[in-house]
Amino acid sequence: MDRNEALFQAAKKVIPGGVNSPVRAFGSVGGVPRFIHKAKDACVWDEDGNQYIDYVCSWGPAIVGHAHPEVVDAVREAALGGLSFGAPTEGEVRIAEEIVKLMPSVEQLRLVSSGTEATMSAIRLARGYTGRDNIIKFEGCYHGHSDSLLVKAGSGLLTFGHPSSAGVPEDFTRHTLVLPYNDVAALTQTFAEQGDSIACVIVEPIAGNMNMVQASTEFVRALRSLTEAHGAVLIYDEVMTGFRVALGGAQALHGVTPDLTTMGKVIGGGMPMAAFGGRADIMACISPLGGVYQAGTLSGNPLAVAAGLKTLEIIQRPGFYETLTARTQELCKGLKAAAEELELPFSAQGVGGMFGFYFMNDLPHSFVDMQRNNTEHFKLFFHGMLRRGVAFAPSGFEASFMSAAHTSEHIADTLGTAADVFTEMVRG
Ligand code: HOZ
């Protein structure tokens, strides 16, 4: 038995399913998860010493590449000054100023420790601000695992085919209205019927938890105008897309100004940190200024802040997003061309450093479209690539990520490998 296998067996005895987050268990693709021993630049190494070009990038945070020396140094230096204080620090002020500068819709923000906390708090804030209970979310969008958001959600719930979670009383989700993604008519009708009861709409402006699905311009415009007309709060969940699809997030690409934004992943530079923020008048409802309660011992943790600040500095260097985008496009185009040559149904798209690929001919626009993704083909592709040293997320319902450490050589390697795997899939 190799070390990955032995560790998985040992893990299953003491950790449910052997993992601390469900999709990592390889449940939908089968086989043994790779236990990662170390990561550097564009690559990860497992416990058996196998090296992989990594397109998981820690599910998004590793945008500057793994263990970037400047980020590691910043964290090391912060650690020498103490691991956690439970008191305000200068670093928190600096990172808040930086985010406010980069994302103009965010006038004030609060740091938390995970994307789940950020979205849960933003929803509570929207309800406190409006005095309303109902919220709208979209099918296939995932906003963390707080109770009221685990309805027809993406990510692991979609991967394992249980779109809503056990253990959530129906009463808790009574106020969650779920609509199809990109469906302007359904959104308009819901607002016409119950607009005055809706506290907020929460949306992934580029969905990344049912694989990558882009919102149409018409849809995001309708989101903005309908929420505005009915006094509901528009929450952009940019935990995945913030600072990843563009420096200013998806909202910069869409030209839409949300009322609140949730962020995570990139802003923590690989450390546990997330944030929610937006209009100052709404943020003023948060305790200690207002009556909406939210708190956290490790919020604004100095190591996480140090990693985040350094990451935000690096991504603002000239040419960062141009190179990142070029690499993503190179890979998406190359994958499509290789599949086309073999007449394998396949499509791919990328924005900034985020991309999706699908074993179907056209690009998906909704959760229903994503059901046509050929999961058997995905499994074959996933394992074929992994065996040859290229790692994608172990689910056809997750987005993929590029980092600035991925070079043209990595892309060429990946494309060569993909051509072999596609051939194997077609010829058997
Ligand atoms: N929720 C993450 C994917 N959308 C998975 C996180 C993980 O397993 O680390």
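Residues numbered from 1 in each chain as written. Predicted model: local features only at pLDDT ≥ 70, side-chain atom pairs only at ≥ 80, totals over all residues. Heavy atoms only, no water.

Q: Outline the overall build of the protein, listing residues and values.
A: The helix and strand tally for the protein stands at 15 helices and 16 strands. Taking 2.2 N^0.38 as the reference for a compact globule, 428 residues should give roughly 22 Å; the C-alpha atoms of the protein span a radius of gyration of 21 Å, in line with that estimate. Across its three principal directions, the C-alpha atoms of the protein cover 60 × 55 × 50 Å. Among the 428 residues that make up the protein, the fraction classed as buried is 57%. (Helix = DSSP H or I, 4+ residues; strand = E, 2+ residues; numbered from the N terminus. Rg over C-alpha atoms; globule rule 2.2 N^0.38 Å. Buried < 20%, exposed > 50% of the residue type's maximum accessible area, 1.4 Å probe, protein only.)

Q: Before we move on, can you summarise the pairing of strand β3 (residues 51-54) with the specific residues and values?
A: Bridge count for strand β2 (residues 43-46) against β3 is three bridges, and the pairing is antiparallel. Following the sheet pairing, W45 is matched in β3 by Q51. Where β2 folds back on β3, the antiparallel hairpin that results is connected by four residues, among which G49 adopts a positive phi of roughly 85°. Taken together, the two bridges between β3 and strand β15 (residues 390-391) define a ladder with parallel strand orientation. Counted as the bridge partner of I53 is V390 from β15. (Pairing = 2+ DSSP bridges.)

Q: So, the site of the ligand: which residues are in play, and what are the values?
A: If you check the shell around the ligand, you find S21, R24, W59, Y142, S155, N209 and E398 and nothing else. In this structure, R24 approaches the ligand through a side-chain N or O atom, which is 2.7 Å from an oxygen atom. E398 places a side-chain nitrogen or oxygen 2.8 Å from a nitrogen atom of the ligand. Contact with the protein chains covers 86% of the free accessible surface of the ligand, which is 290 Å². (Near = heavy atom within 4 Å. Polar contact = N/O pair within 3.5 Å; in protein donor to acceptor, adjacent residues only side chain to side chain. Areas by Shrake-Rupley, 256 points an atom, 1.4 Å probe, with all protein chains shown as cover.)

Q: So what about the packing of helix α12 (residues 320-341) against helix α15 (residues 408-427)? Which residues, and what values?
A: What describes two packed helices is the angle between their axes and the distance between those same axes. Packing of α12 against α15 leaves a shortest axis separation of 10 Å and a crossing angle of 20°. Here α15 runs roughly parallel to α12, going by the angle between their axes. The way α12 lies across α15 gives a crossing that is right-handed. Seen from α12, the contacting residues are R327, E330, L331, G334, L335, A338 and A339; seen from α15, they are S408, I411, T414, L415, A418, A419 and F422. (Axes fitted to C-alpha atoms, helices over the stretch in contact; angles between N-to-C directions. Parallel < 35°, antiparallel > 145°, perpendicular 65-115°, else oblique. Left-handed = near helix turned anticlockwise from the far one by under 90°. Contact = heavy atoms within 4.5 Å.)

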